[in-house]
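The residues making up each chain are set out below.
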Amino acid sequence: MLDRPAPPDHILIETSGLALPKPLLQAFAWPEVRTRASVDGVIAVVDAAAFLAGKSTPAPPGNPLAPENPLEEVFADQLAAADLVVLNKTDLVEAKALEGARRALARGLRPGVKLLAARDGAIEVDVLLGLHAAAEDDLAVRPSRHDAEGAHDHDDFESFVVELGPQSEPARLIRRLEHALGAHDILRVKGFIDVPGKLLRWALQGVGPRIEGYYDRPWRMDEARASRLVVIGRKGLDRPAIASAIAGE
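Please read these numbers as outputs of a predicted model, since none were measured by experiment.

This brings us to the sheet that holds strand β5 (residues 186-193). The pairing of strands in a sheet comes from backbone hydrogen bonds and takes either a parallel or an antiparallel form. Taken together, the 5 strands give an open sheet; going across it, the order is β4-β8-β5-β6-β7, and neighbouring strands pair in antiparallel fashion. For this open sheet the edge positions go to β4 (157-164) and β7 (210-218), each flanked by a neighbour on one side alone. Averaged over all adjacent pairs, the angle separating strand axes in this sheet is 15 degrees, with direction ignored. Alignment of β4 against strand β8 (residues 227-234), held across 8 bridges, turns out to be antiparallel. Its bridge partner being in β8, Ser159 is matched across the sheet by Ile232. Of the strands in this sheet, β4, β5 and β8 touch helix α8 (residues 239-247), which is tilted by about 40 degrees from β4.

Shown next, in the form of structure tokens:
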């Protein structure tokens with residue numbers, strides 16, 4: 001991207017929700033990169049409802065940076081590396097609970113890190129860009145539980161793909177997914193569905209108990225219409241049982 005005749009002014013890197021940010025920051029310290037690009041800032045997005053339910057870390061008033069399981073460790077590392085934290089989906093929680101979440105998160109942030117509330121991820125671009133944090137230059141103040149472990153291979157998590165045929169009734173698929181999410185240790189499910197008779201593909205996202213689907217764009221002429229879902233969870237998922245439940249077998 002930097003070698004283009006007209007390189008971009010900003011490159012927004014959206015990592016996996018299970019990604020550790022520090023190894024990526026270290027890559028920007030490489031000599032061939034640091035002379036041409038800098039990390040303007042690290043932005044962490046927190047699901048307010050999931051946080052309050054203790055899905056990613058102990059629910060307030062506990063210390064959000066006291067990891068007890070692999071998911072909490074990743075969450076803690078992401079907060080520790082952040083220059084800006086966006087507490088999203090605030091419309092799904094009550095005002096009093098939201099204030100408790102804000103206080104619990106703020107206690108674990110580095111000095112100077114801002115915490116913003118949002119709904120539907122709506123934040124002005126001028127707020128998100130232009131932080132000038134040069135995050136690759138101060139890695140020492142961004143602690144990670146994995147600093148002494150070298151590269152982290154994410155052995156604590158796994159993912160697999162469920163292949164489905166055309167789905168004429170998306171609502172029935174959602175009900176099957178709700179059952180699978182409740183019965184297994186699934187963290188997330190996402191993918192695209194072929195709905196017969198529709199020119200648009202159906203995008204599906206599931207986090208915790210919430211599942212949503214919407215038509216995002218037309219199927220391209222050069223792509224096969226197919227229904228595929230990626231299932232992400234903690235190590236030890238019962239893949240055959242989950243696939244059968246989603247397929248309705």
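To continue, consider the nonpolar core. As a rule of thumb, nonpolar side chains are buried together in soluble globular proteins. One finds Leu173, Leu177, Leu204, Leu229, Val231 and Ile246 to be the most contacted residues of the largest nonpolar core, which totals 20 residues. Where this core is concerned, the elements lending two or more residues are β4, α7 (170-183), β5, β6 (200-207), β8 and α8. Looking at which element gives the most residues to this core, the answer is α7, with 5 residues. When neighbours within four sequence positions are excluded, Val231 is seen to be in contact with Glu158, Ser159, Phe160, Val162, Ile186, Arg188, Val189, Leu237, Ile242 and Ile246. Membership of the second largest hydrophobic core comes to 18 residues, among which are Val46, Val85, Val93 and Leu115.

Moving on to the sheet that holds strand β3 (residues 114-117). Read from one edge to the other, the open sheet built from 3 strands follows the order β1-β2-β3, with strand pairing classed as parallel. A single partner strand is all that each edge strand has here, and the edge strands are β1 (43-47) and β3. Each strand of the sheet is rotated relative to its neighbour by a mean of 20 degrees, with strand direction disregarded. The sheet contact formed by β1 and strand β2 (residues 84-88) spans 5 bridges and is parallel. Pairing of Ala44 across the sheet is with Val85, part of β2.

Overall, the prediction assigns the chain a mean pLDDT of 84, with 89% of residues at 70 or greater. Low confidence marks residues 58-67, where pLDDT is under 50. Its contacts with residues over four positions away, or in another chain, come to 27 contacts.

Enumeration over the complete set of coordinates arrives at 17 salt bridges. The salt bridge involving Glu223 is made with Arg217; its shortest N-O contact spans 2.8 Å. Using a relative accessible area of 19% as the deciding quantity, one classes Glu223 as buried. Taking the shortest distance from any N to any O, the salt bridge between Asp222 and Arg220 comes out at 3.2 Å. Residue Asp222 is classed as exposed on the basis of its relative accessible area, which comes to 64%.

This part takes up a nonpolar patch on the surface. A surface patch of nonpolar side chains, about 360 Å² in accessible area, is lined by Met1, Ile11, Ile13 and Leu24. Structurally, Ile11 can be placed in the segment before α1 (21-27). The class of Ile11 is partly exposed, set by a relative accessible area of 42%.

So, how was this worked out
Residues numbered from 1 in each chain as written. Predicted model: local features only at pLDDT ≥ 70, side-chain atom pairs only at ≥ 80, totals over all residues. Heavy atoms only, no water. Pairing = 2+ DSSP bridges. Helix = DSSP H or I, 4+ residues; strand = E, 2+ residues; numbered from the N terminus. Axes fitted to C-alpha atoms, helices over the stretch in contact; angles between N-to-C directions. Contact = heavy atoms within 4.5 Å. Core = buried A, V, L, I, M, F, W, Y, C linked by side-chain atoms within 4.5 Å. Buried < 20%, exposed > 50% of the residue type's maximum accessible area, 1.4 Å probe, protein only. pLDDT = per-residue confidence, 0-100. Salt bridge = Lys/Arg side-chain N within 4 Å of Asp/Glu carboxyl O. Patch = residues over 30% accessible without salt bridge, like charges linked within 9 Å, V, L, I, M, F, W, Y side chains within 5 Å. Areas by Shrake-Rupley, 256 points an atom, 1.4 Å probe, with all protein chains shown as cover.

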